[in-house]
Amino acid sequence: MNTLAAFYQNLGLALSLLVIATFLLAGMIKGVIGLGLPTIAMGLLGLAMAPSQAAALLIIPATLTNVWQLAFGGHLQGLIKRLWPMLLAIFLGTGAGTLWIGMAGGHWVVRGLGAALLLYALSGLFLPTLRVGSRAERWLGPMCGVLTGVITSATGVFVIPAVPYLQALGLNKDELVQALGLSFTVSTLALAAGLFWRGALGGGELSASLLALIPAVLGMLLGQWLRQRISAVLFKRVFFIGLGVLGGHLLISG
């Protein structure tokens, strides 16, 4: 797949429409709750294509929307100083996972993706808000980073366990949104490096990913508009329920 036309011709009309609809929905969810774009994209596209192909499509939309998210808030320098051990561990864990596991597209990878989505949904619905002390943060952050990196390399989903860990640090709303953007940016760049090393991220894939940026940004703008008009708590609950159903389906039928 050396060209954009060849990439989408290979997908076909139905899958091309699925790509557009998926990134529009994923961008909208990210605009409302600050996360979910790669999770939704990998979950829905994973129903119809290989995980490595789906991961290649999300590289540019995920990177640019995450940079957009981390650029605002005024806490970037302090967050980097605090979170750099976890961020470095994410990058190293993704690299090690790429060499060790990779995203081969087998049934166990699809089931792994389903398990990651289901665990994330259950934690969002039922687990109480945890708190991590400064002493535990020194070793727990790098450990969560390595685990997140390995899961990222195998499934393209980089929310487990990074998101629950960041939510447990006691950050305020603006800091948390910016920290999520920072973590997701590192994960996306590490994933892109792994896909490129394995030959799954060429010119055609990058062109297709650039085209997927359009519905992702439109969806994100729509989500930010909706965030001012609906209950974020209700939306997040519906989001986690839907994510759990999707994860369960992939886990059983993958």
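Conventions we followed
Along each chain, the written sequence defines residue order, and numbers are assigned to residues from 1. Owing to the predicted nature of the model, reporting of local features is limited to residues with pLDDT of at least 70; listing and counting of side-chain atom pairs is limited to 80 or more, with chain, interface and lining totals taken over all residues. In computing side-chain properties, one takes all heavy atoms of the structure into account and sets aside hydrogens as well as water. Comment: elements are numbered from the N terminus, with helices defined as DSSP H or I runs of at least four residues and strands as E runs of at least two. An expected span of 1.5 Å times one less than the residue number is assigned to each helix. Relative accessibility decides the category of a residue: with a 1.4 Å probe and only protein chains considered, values under 20% of the type maximum give buried, values over 50% give exposed, and everything between is partly exposed. The score called pLDDT rates the predictor's confidence residue by residue, from a low of 0 to a high of 100. Here a salt bridge means any side-chain nitrogen of Lys or Arg lying within 4 Å of a carboxyl oxygen belonging to Asp or Glu. Helix axes are fitted to C-alpha atoms over the stretch in contact, other axes to C-alpha atoms as well, and angles between N-to-C directions run from 0 to 180 degrees. Take the far helix as your reference; a near helix turned counterclockwise from it by less than a right angle gives a left-handed crossing, and one turned clockwise gives a right-handed crossing. Should any heavy atoms of two residues lie within 4.5 Å, those residues are counted as being in contact. Ring pairs are drawn from Phe, Tyr and Trp, using the six-membered ring of Trp, whenever the two centres fall within 6.5 Å, and their geometry is named by plane angle: stacked under 30 degrees, edge-to-face over 60, tilted for the rest. UniProt positions are given in the numbering used here, feature names are shortened, and annotations may be inferred rather than shown by experiment.

So, helix H7 (residues 134-155)
Across its 22 residues, H7 extends 30 Å between first and last C-alpha, which sits within 8% of the 32 Å expected from 1.5 Å per residue. Listed in full, the buried residues belonging to H7 are Glu 137, Leu 140, Gly 141, Cys 144, Gly 145, Thr 148, Gly 149, Thr 152, Ser 153, Ala 154 and Thr 155.

What about the confidence of the model for the protein chain?
When pLDDT is averaged along the protein chain, the result is 83, and 91% of the positions lie at 70 or above. Of all secondary-structure elements in the protein chain, the lowest mean pLDDT belongs to helix H1 (residues 4-11), at 56, while helix H5 (residues 76-100) reaches the highest, 91.

Details of the pattern of salt bridges
On inspection of all chains with the given rule, the structure shows 1 salt bridge. Of the charged contacts in the structure, one is a salt bridge between Glu 137 and Arg 82, with a shortest N-O distance of 2.8 Å. Taken as a pair, Glu 137 in helix H7 and Arg 82 in helix H5 lie far apart in primary sequence, 55 residues in all. For Arg 82, a relative accessible area of 36% gives the class partly exposed.

Overview of the packing of helix H2 (residues 13-33) against helix H10 (residues 203-227)
Following both chains from N to C, one finds H2 and H10 inclined at 35 degrees, their axes separated by 6 Å at the closest point. Here H2 and H10 pass one another in a crossing that is right-handed. Here H2 contributes Ile 20, Phe 23, Leu 24, Gly 27, Met 28, Lys 30, Gly 31 and Val 32 to the contact with H10, which in turn contributes Ala 212, Pro 215, Ala 216, Leu 218, Gly 219, Met 220, Leu 222, Gly 223, Gln 224, Leu 226 and Arg 227.

Let's talk about the packing of H5 against H7
Axis separation between H5 and H7 bottoms out at 6 Å; the angle between their running directions is 30 degrees. Between H5 and H7 the crossing geometry is right-handed. On H7, the residues touching Arg 82, Pro 85, Met 86, Ala 89, Ile 90, Gly 93, Thr 94, Gly 97, Thr 98 and Trp 100 of H5 are Glu 137, Gly 141, Pro 142, Gly 145, Val 146, Thr 148, Gly 149, Val 150, Thr 152 and Ser 153.

Structural notes on the environment of Gly 149
For Gly 149, the location among the structural elements is in helix H7. Distance from Gly 149 to Leu 87, taken between C-alpha atoms, is 9.4 Å for residues 62 residues apart in sequence. Those residues in contact with Gly 149, other than ones at most four positions away along the chain, are Ile 90, Gly 93 and Thr 94.

Examining the environment of Val 32
Following the sequence through the fold, Val 32 ends up in helix H2. On the basis of relative accessibility, which here comes to 3%, the residue Val 32 falls in the buried class. Once the C-alpha coordinates of Val 32 and Gln 224 are considered, the two residues, 192 residues apart in sequence, prove to be 5.4 Å apart. Non-local contacts of Val 32, meaning those with residues more than four positions away in its chain, are made with Gly 223, Gln 224, Leu 226, Arg 227 and Phe 235.

Things to note about the packing of aromatic side chains
Going through the model one piece at a time under the given rule, you end up with 2 aromatic pairs. Centre to centre, the rings of Tyr 120 and Phe 240 are 5.4 Å apart; their planes meet at 85 degrees, and the pair counts as edge-to-face. Of the two residues, Tyr 120 is situated in helix H6 (residues 107-126) and Phe 240 in helix H11 (residues 232-253); the sequence distance between them amounts to 120 residues. Exposure class is identical for Tyr 120 and Phe 240. Each is buried.

Looking at the side chain of Ser 209
Looking at the element boundaries, Ser 209 is found in helix H10. Looking at Ser 209, the relative accessible area reads 0%, which means it is buried. In this structure Ser 209 touches Ala 56, Leu 57, Leu 58, Ile 59, Ile 60 and Pro 61, once residues within four positions along its chain are discounted.

Some thoughts on unusual backbone geometry
The residue after Ile 160, namely Pro 161, is reached through a cis peptide bond having omega -5 degrees. As for its placement among the helices and strands, Pro 161 is situated in the loop between H7 and helix H8 (162-167).

What about the UniProt feature "transmembrane region" (unreviewed entry) in the protein chain?
In the numbering used here, UniProt assigns the feature "transmembrane region" (unreviewed entry) to residues 6-25, 32-50, 83-102, 108-127, 139-164, 176-196, 208-226 and 232-252. Between the C-alpha atoms that bound residues 208-226 the distance is 28 Å, and the span itself is 100% helix and 0% strand. Between the C-alpha atoms that bound residues 232-252 the distance is 30 Å, and the span itself is 100% helix and 0% strand.

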